[in-house]
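Read off the chains here:
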Amino acid sequence: NKTSNQMLIIFGASGDLTARKLIPALFNLYKDDHLPEKFVVLGVSRSDLTDVSFRKKVVTESSYLEEDLGKEEKEYVDKFADKIFYEDLGKSYDTDYTNLAHRISDLNTKYGTENNYIYYLSTPPNIYETVAKNLHKQGLTEESNGWKRFIVEKPFGYDLKSARELNNALHQYFKENQIYRIDHYLGKETVQNLLVTRFANSIFEPLWNRNYIHHIEITNAESVGVEKRGGYYDKSGALRDMFQNHLLQIVSLVAMEPPIGDEAEEIRNEKVKALKSLRIMKDHKTIHDHTIRGQYLAAEINGEKVKGYREEEGVDPDSTTETYAAIKFFVDNWRWKDVPFYVRTAKRMPTKVTEIVIHFKSTHHQIFTDSAGITNKDNQLIIRIQPDEGILIKFGVKVPGQGFKVERTNLDFYYSSLSDTNLMTAYERLLLDAMQGDATLYARADEVEAAWEFVDPILDYWQNGEDVVTYGYSAGVWGPKNADELIDGLYMWRNPGE
Ligand code: BG6
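Here is what the cut-offs are and how they apply
Residues numbered from 1 in each chain as written. Predicted model: local features only at pLDDT ≥ 70, side-chain atom pairs only at ≥ 80, totals over all residues. Heavy atoms only, no water. Salt bridge = Lys/Arg side-chain N within 4 Å of Asp/Glu carboxyl O. Helix = DSSP H or I, 4+ residues; strand = E, 2+ residues; numbered from the N terminus. Buried < 20%, exposed > 50% of the residue type's maximum accessible area, 1.4 Å probe, protein only. Near = heavy atom within 4 Å. Areas by Shrake-Rupley, 256 points an atom, 1.4 Å probe, with all protein chains shown as cover. Nonpolar A, V, L, I, M, F, W, Y, C, P; charged D, E, K, R; others polar. Axes fitted to C-alpha atoms, helices over the stretch in contact; angles between N-to-C directions. Left-handed = near helix turned anticlockwise from the far one by under 90°. Contact = heavy atoms within 4.5 Å. Parallel < 35°, antiparallel > 145°, perpendicular 65-115°, else oblique.

### What about the pattern of salt bridges?
Side chains bearing opposite charge may pair, as long as their charged atoms lie close to each other.
For step 1, the next point in the chain: Throughout the structure, instances matching the rule amount to 29 salt bridges.
For step 2, the next point in the chain: Between R384 and D412 there is a salt bridge, with its nearest N and O atoms 3.0 Å apart. Residue R384 is found in strand β14 (residues 380–386), and its partner D412 is found in strand β16 (residues 406–414); the two are separated by 28 residues along the sequence.
For step 3, the next point in the chain: Here R384 falls in the buried class, since its relative accessible area comes to 10%.
For step 4, the next point in the chain: Here the salt bridges share partners, and the residues they tie into one network are R198, E205, E257 and R335.

Right, here's the structure in full:
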């Protein structure tokens, strides 16, 4: 794909994300020769910085870049830094953008970026509309002479109503195909590989339905707590922070029908259909019976004292915000009728891992048993999103010797053994895609709204229900015990590494 000459304008550029994620991603793209010949980054924010001090902050003095630099790479740094500029917006984002417009126009003329602009919003979401409105006022959303794209970070909305309002607000200034909603999980190689696993392999797709799949389990665990983001997290919780976006995106890729091709709209149309098929839990009793909410408590892990959630900085000492969420739900369509999906996400788990487990039904006539006399277990396809990216298949083999005893064994593939190809980080991939105008890995307005539509009643019940319980769990364990009861029958959560 060709990347046209362009300018990347980052709003909120003095914040953490620019130095931590965006600049390192751009630097790698630069090193690997993915940036167009004519390319400029313009940082914009309310901090009193100049081109020189901004470059220092995000490039030359940024530990995020320095850490990874080999000797010969250092020589690139200065050349790369020359592409970076800064414009101080003054006290507020809701201000006169005339100076900014002049600056953009000057840089555009001087560096030949052909009026192609990407606006990257690395600001709190309540600023998105303001920035869009002011850009529009300056004619900077106009595409008659070059394209304009608008990238926004998560969270996109706080609930269905606010997400709709935000979509409507942005659509006043940008067309939907100009808006790129980031979900960094879609930038992960293994998440994209879900499509290939399903639709490029005839050994999986014919079985990928209610006839052969017993249930689906998705685990997203982090060992860290809320770190320094207590203030934000306490108003958000696991359901908004991870489930509504990253996990439902994964669900949509697992559940979707085959797209007719690999174009952004073809894939996103199928994802939306899958999200719209999620069975919305309407009454409190259903939500009560299908969800588990937890919050981590202080504990000692490997001799180290770990704070409980309520002791974290920025968190209300009486907070009932969940750091653990487990949800059982159904996808009401032809393919998935009555197949339970179990999805959980949490902080302060024993390890950091994200994986999908497809549990296939057992063979319908059981002839063999294992050494303990138990009939043979189900087959599992385990898709490791991170770490140890790869795919594991669990299947039965005969134990050597007399008789027909069955033992379950592993067929295991690791991405790391594939080749010496450097996997792009999520931000590299997503930035490059947006630079090339490919929105496949970005969430569309209707996707985001469909996901909120499913999550909204749960949020409402968790906030207003009379019998809502937030279970405590010690930091460093696999969540509250009660979550085990969510899974039907003899099945248990698969706790990787246990
Ligand atoms: C972010 C959440 O979107 O994803 C964080 O806001 C979380 O709370 C992070 O830690 C996890 O991302 P990853 O890529 O490390 O799994």
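Moving on from the model shown.
### Topic: the site of the ligand
For step 1, the next point in the chain: Near the ligand you find K154, H184, Y185, K188, E222, R229, D241, M242, H246, K347, K352 and Q386, and these make up its full shell.
For step 2, the next point in the chain: Contact with the protein chains hides 82% of the accessible area of the ligand, taken as 400 Å² for the molecule alone.
For step 3, the next point in the chain: Broken down by element, the residue count for the shell around the ligand peaks at 3 residues, all from helix α9 (residues 230–255).
For step 4, the next point in the chain: Here the residues of the shell around the ligand sort into 2 nonpolar, 3 polar and 7 charged.

### Concerning unusual backbone geometry
For step 1, the next point in the chain: Here K154 and P155 are connected by a cis peptide whose omega angle stands at 0°.
For step 2, the next point in the chain: Cis geometry is found at the peptide bond from Q386 to P387, where omega equals -15°.
For step 3, the next point in the chain: Mapped onto the fold, P387 is located in the loop between β14 and β15 (390–398).
For step 4, the next point in the chain: Positive phi, normally seen in glycine, also occurs at E114, with a value near 60°.
For step 5, the next point in the chain: Counting through the fold element by element, E114 comes out in the loop between α5 (98–111) and β4 (117–121).
For step 6, the next point in the chain: Note on E114: relative accessible area 45%, which makes it partly exposed.

### Some points on the packing of α9 against helix α13 (residues 445–464)
For step 1, the next point in the chain: α13 packs onto α9 with a crossing angle of 145° between their chain directions and a minimal axis gap of 10 Å. Remark: the crossing between α9 and α13 carries right-handed chirality. Facing L239, R240, F243, Q244, L248 and Q249 of α9, the residues of α13 in contact are E447, V448, A451, W452, F454, V455, I458, L459, W462 and Q463.
For step 2, the next point in the chain: By residue class, the composition of the contact of α9 with α13 is 11 nonpolar, 3 polar and 2 charged.

### Looking at the packing of helix α1 (residues 16–31) against helix α12 (residues 426–435)
For step 1, the next point in the chain: In the contact formed by α1 and α12, the axes pass within 9 Å of each other and the chain directions differ by 70°. On the basis of the axis angle, α1 is roughly perpendicular to α12. The handedness of the crossing between α1 and α12 comes out as right-handed. Facing α1, whose interface residues are L17, K21, L22, A25, L26, N28 and L29, α12 presents Y427, E428, L431 and L432.
For step 2, the next point in the chain: Its residues assigned to classes, the contact of α1 with α12 shows 8 nonpolar, 1 polar and 2 charged.

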